[in-house]
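Descriptive structure summary
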Amino acid sequence: MQVNPREWFRNLERGWQNPIKRQRRLFVWLSLIPILAHFGFFMINPIVSALNVSLRKWRLQERDHPFIAFDNYSWALHDDQFWVSMKNTLSFTVVHIALSVILGLLLAVIIFSLLQPWRGILTTAYFLPVMTSMVVVSFIFRDLFSPVTGPLNYLLHFIGLGPYNYLSSSSVAMPSMIGVTTWKALGFYVVLFMAGLTTIPAEFLEAAAIDGASKFQSFIHITLPLLRPTLVYVLVTGTIASLQIFTQVFILTRGGPGSATRTLVIHIYENGFTFFNLGRASAIAFLLFILIMAVSLAYLRVLREQFEY
Amino acid sequence: MEEGSEMNSKKWMWLSVLMLVSMLISSACAKATPTPTEEAGPVSISFVTHDFEPWRNTMIEWIGEYMDQHPGVEISYVTYPMTDMVTKLVTGFEAGAGDTVMGIYGPWLAAMAEGGYLDEAPSWVMDMLKDDFYDIAVDAGSYKGKLVGVLQHIGTPLPLLNVDTYEAAGISEDQYPQSYDDLLALIPKLDKKDASGSWEVQAICLPPTDVFVLIDWATVLFAHGGKILDDSLTKAAFNTPEGLAATQVYKQIHYPDADINLFPLSKCGMWWYGSWSRPMFTAQNPNIRVKVLEPLEGPAGRVHANYAWIWVVNANATPRQKEVAWDFIKYITRPEAQITFWNVVGVMPTRKSVYEDPAISADEFVQAFGKYVNETRVYYPPLPDWEPVEKALIRYLERLVAGELTEQQFLDQAEKEVNSLLTGQ
């Protein structure tokens, strides 16, 4: 029997003329309804609702919510506190991500070079904070940071440092926040980098060693380039999480002192649930969404080389 | 036949997509409507408060008692952490639903009432308040002349003095501070640092951040004859000679590294806090000796700023639910309940008759705090857009306390922003 390839592909593509495929496709569509409904209600619906709210004057004090187009966006972009929050969020993200990547990679390389059981013990130790709730971590650090009764100042005074007001001094509060977040997240990055290191063929490093490359040269010219996929993942997920920093700031400083630790999500929360202005809060949330998307796309574009070895 | 099946499959596909899209659009744009309750049948109401263990346990007990006495009533009780409370309430309102009876923080009342989310109390509630409650109950629960809530308690943060700390500094009872001048004079005697510069004793521990900076500053401001906004509530009124004097005093009695934990450790001379603090610090230090002082006297007298907690009913509830809700509020604010609340939770009663009850009248805290139930002033005005003003003031006060602004810079910059917020509304 001769088969016309064009016809065959057309049938394959359309699928409707084959009763078995038709039934299968029907089954697939019916099966997809629950997940599509779930996705629609819990993912798409809030986004559509928030977009709707962001285009309206939507305050708790007023039952009517008139359409005001982009007024909330315009207000946000002219608000001093928005730009203070933006600056704080970006500086937090840059320093936290840089610290996490550098320290995470360094620790991963050190731990990776160790033999068991030390490798397992250290990996577990660094990963423990990751499994702990940020709320719990924040409360623990609130006590550690206590300027008078906290152990941190007590220990520092033995080496002639401090005392510091970790949370009530504008110049120290943001570094404190970065410290808490990096301490908690570091184990996650260590594990990711270790997973990346296991994928690098040992032959490459052996060949480099035979050719006379030092360990540092091997790291720079072999390990680091081959860790690029892991690095992209760490940078994208870490940046997205950092741009949304909220819990630790909310518990430790509420954005203060003054506006020293005010971040974009704190700004959103304050506008929505302290000032009861949901329209403005939604507009800022969309601006944050655009920022996150832009940063993520930029990362992917810069680091999207094909990896082959 | 096959053509018909193909059509059916396509129909199914498009029908699924259509259903999904219509569900999305309707849920995104529509508001939920409360389910009406049968007029004659059982009534279900929901009751929400912030979470505080002794408070929660007492409420659970009272809800059980109330439902036993009213077999047709079902009350579901939910508590939220204080930090989540307003988020839950606002999202409930915006969804067109929300809980039936709510315990709310005073500054939220104006915005909620302005939005029409609070039910106006029936006339018998006003009669009940006028009959036995202090006048502040009517003021704190009213907005634009309408009573929308019943005062649960006020948070009067009176000066609490640690007797041990004062004794260690050689300060006898007759030298306890009566005024701001007295307190300023005692600070050098109480403050103590070790050789490394770390605090051993702080004369006074006022929190350096959050809403406490505003309540404490407002206290000093009121005692010096100042006020936050003018009477029309359209302009800042604190950048005055009285405001400057008050801010200078506030700065002097404030430590950027103040640590409240020092108070129960007897390493802090004074703390301004509410009556419910006694069970808190006695739990940390059972041997602590605390004296409650009268509000410190300033040029304008003894005034202490406070805030209120108020029971309100959701306007979205059905008539039967509202009827039950107000009756339930009456039940949880009856004299016996207020005595229990004082004993278990430590919040001051708001009924006059309760203070004459021998069960609590001899208590030193009741005498001290009770004296000011009706005489202190709430720090916030009845302004629906008060919260942005409050947050702006807190931001500048935190910078003042941290030493980043002088007193005059604080007054100038805060005044400018507050006026801008008020005119922008």
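The rules we used
- Residues numbered from 1 in each chain as written.
- Chains lettered and ligands numbered in written order.
- Predicted model: local features only at pLDDT ≥ 70, side-chain atom pairs only at ≥ 80, totals over all residues.
- Heavy atoms only, no water.
- Helix = DSSP H or I, 4+ residues; strand = E, 2+ residues; numbered from the N terminus.
- Rg over C-alpha atoms; globule rule 2.2 N^0.38 Å.
- Buried < 20%, exposed > 50% of the residue type's maximum accessible area, 1.4 Å probe, protein only.
- Axes fitted to C-alpha atoms, helices over the stretch in contact; angles between N-to-C directions.
- Parallel < 35°, antiparallel > 145°, perpendicular 65-115°, else oblique.
- Left-handed = near helix turned anticlockwise from the far one by under 90°.
- Contact = heavy atoms within 4.5 Å.
- Nonpolar A, V, L, I, M, F, W, Y, C, P; charged D, E, K, R; others polar.
- Disulfide = S-S within 2.5 Å.
- Arc of directions from axis to C-beta.
- Core = buried A, V, L, I, M, F, W, Y, C linked by side-chain atoms within 4.5 Å.
- pLDDT = per-residue confidence, 0-100.
- Buried area = accessible area lost by both parts, 1.4 Å probe.
- Salt bridge = Lys/Arg side-chain N within 4 Å of Asp/Glu carboxyl O.
- Pairing = 2+ DSSP bridges.
- Patch = residues over 30% accessible without salt bridge, like charges linked within 9 Å, V, L, I, M, F, W, Y side chains within 5 Å.
- Areas by Shrake-Rupley, 256 points an atom, 1.4 Å probe, with all protein chains shown as cover.

Before going further, it helps to spend a moment on the overall build of chain A. What chain A contains, in helices and strands, is 14 helices and zero strands. Its helices and strands in sequence order give chain A the pattern α-α-α-α-α-α-α-α-α-α-α-α-α-α, from N to C terminus. Relative to the 2.2 N^0.38 estimate, which gives 19 Å for 309 residues, the radius of gyration of chain A is 26 Å and therefore markedly larger than a compact globule would have. Oriented by its inertia axes, the alpha-carbon framework of chain A measures out at about 90 × 75 × 30 Å. Within the span of chain A, comprising 309 residues, buried residues form 43% of the whole.

Let us now look at the packing of helix H10 (residues 241-252) of chain B against helix H17 (residues 407-424) of chain B. Helix packing for two helices is described by the angle between their axes and how far apart those axes are. Residues and elements named next belong to chain B. Where H10 meets H17, the closest approach of the two axes is 9 Å, and the angle between their N-to-C directions is 125°. Classified by the angle between their axes, H10 and H17 sit oblique to one another. Crossing handedness for the pair H10 and H17: right-handed. Together, Gly 243, Leu 244, Thr 247, Gln 248 and Lys 251 of H10 and Glu 407, Gln 408, Phe 410 and Leu 411 of H17 make up the contact between the two elements. When grouped by side-chain class, the residues that make up the contact of H10 with H17 number three nonpolar, four polar and two charged.

A few words on the state of the cysteines. Residue and element names in this part refer to chain B. All chains considered together, the criterion is met by one disulfide over all chains. Note on cysteine connectivity: Cys 205 is disulfide-linked to Cys 268, with sulfurs 2.0 Å apart. Taken together, the residues Cys 205 in the loop between strand S9 (199-201) and helix H9 (211-223) and Cys 268 in the loop between H10 and strand S10 (270-273) connect sequence positions 63 residues apart.

What follows concerns helix H5 (residues 123-132) of chain B. Residue and element names in this part refer to chain B. When we look at burial in H5, the residues that qualify are Val 125, Met 128, Leu 129 and Asp 132. Within H5, the buried residues cover an arc of 100° as seen down the axis, which keeps them to one side. Every exposed residue of H5 that faces more than 90 degrees away from the buried side is listed here: Ser 123, Asp 127, Lys 130 and Asp 131. Taken together, the buried residues of H5 touch helix H6 (135-141), strand S5 (146-147), strand S6 (149-155) and helix H12 (319-332).

Here the focus is the nonpolar core. With 171 residues, the main nonpolar core has Phe 47, Trp 217, Ile 228, Phe 238, Tyr 379, Trp 386 and Leu 393 of chain B as its most contacted residues. Counting residues per element, this core draws most heavily on H9 of chain B, at 10 residues. Ignoring any residue separated from it by four or fewer positions in sequence, one finds Trp 386 of chain B in contact with Pro 107, Leu 214, Ile 228, Leu 229, Tyr 379, Tyr 380, Pro 381 and Leu 393 of chain B. Residues Leu 105, Ala 108, Ile 111 and Ala 208 of chain A belong to the second largest nonpolar core, which totals 24 residues.

All names here are of chain A. Cis geometry is found at the peptide bond from Gly 256 to Pro 257, where omega equals -5°. Mapped onto the fold, Pro 257 is located in the loop between helix H12 (247-252) and helix H13 (264-274). A positive phi angle, near 55°, is found at Ala 69, a position not held by glycine. Along the chain, Ala 69 turns up in the loop between helix H2 (19-54) and helix H3 (71-77).

Right, let's get into the confidence of the model for chain B. Residues and elements named next belong to chain B. On average, residues of chain B score 87 in pLDDT, and 90% of them are at 70 or above. Across chain B, element-level confidence peaks in H10 with a mean pLDDT of 97 and bottoms out in helix H1 (residues 2-29) with 59. As scored by the predictor, the complex reaches a pTM of 0.81 and an ipTM of 0.75.

Bringing the interface of chain A and chain B into the picture now. If you look at the interface, chain A gives 49 residues, while chain B gives 53 residues. For the chain A and chain B pair, buried surface summed over both sides reaches about 4,400 Å², with 63% attributable to carbon and sulfur atoms. Viewed at the interface, chain B and chain A are joined by one salt bridge. In this structure, the salt-bridge partner of Asp 385 of chain B is Arg 59 of chain A, at a minimum N-O distance of 2.8 Å. Taken together, the elements giving at least two residues each to the side of chain A that touches chain B come down to H2 and H13 of chain A. Tallying contributions element by element places H2 of chain A first for the side of chain A that touches chain B, with 15 residues. Residues that form the side of chain A that touches chain B fall into these classes: 23 nonpolar, 18 polar and eight charged.

Using the criterion set out here, one finds 20 salt bridges over all chains in the structure. A salt bridge links Glu 270 of chain A to Arg 262 of chain A; its shortest N-O distance comes to 2.7 Å. Residue class for Arg 262 of chain A comes out buried when judged on its relative accessible area of 3%. We note a salt bridge from Arg 289 of chain B to Asp 164 of chain B, for which the minimum N-O separation is 2.7 Å. Residue Arg 289 of chain B is located in the loop between helix H11 (277-284) and strand S11 (290-292), and its partner Asp 164 of chain B is located in helix H7 (residues 163-168); the two are separated by 125 residues in the primary sequence. Under the relative-accessibility criterion, Arg 289 of chain B is labelled partly exposed at 35%. Among the residues examined, Asp 164 of chain B registers a relative accessible area of 25% and is labelled partly exposed. Through salt bridges with shared partners, a single network forms among Lys 57, Arg 59 and Glu 62 of chain A together with Asp 385 of chain B.

Residues and elements named next belong to chain B. Here S10 shows a buried face lined by Met 270 and Trp 272 and a second buried face lined by Trp 271 and Tyr 273. Two strands pair when backbone bridges link them, and strand S7 (residues 158-162) and S10 are joined in this way by four bridges, in the antiparallel orientation. Bridge pairing in S10 links Leu 160 to Trp 271.

What follows covers the sheet that holds S10 of chain B. All names here are of chain B. In spatial order, the strands read S10-S7-S11; together these three strands make up an open sheet with antiparallel pairing. Every interior strand has two partners, whereas the edge strands, S10 and S11, have only one. If you compare each strand with its neighbour and ignore which way they point, the axes differ by 30° on average.

Let us now look at a nonpolar patch on the surface. A grouping of Val 94, Val 95, Leu 99, Leu 103, Leu 106 and Ile 110 of chain A is seen on the molecular surface, where their side chains present a nonpolar patch of about 490 Å² in accessible area. Within the element layout of this structure, Val 94 of chain A appears in helix H4 (residues 80-112).

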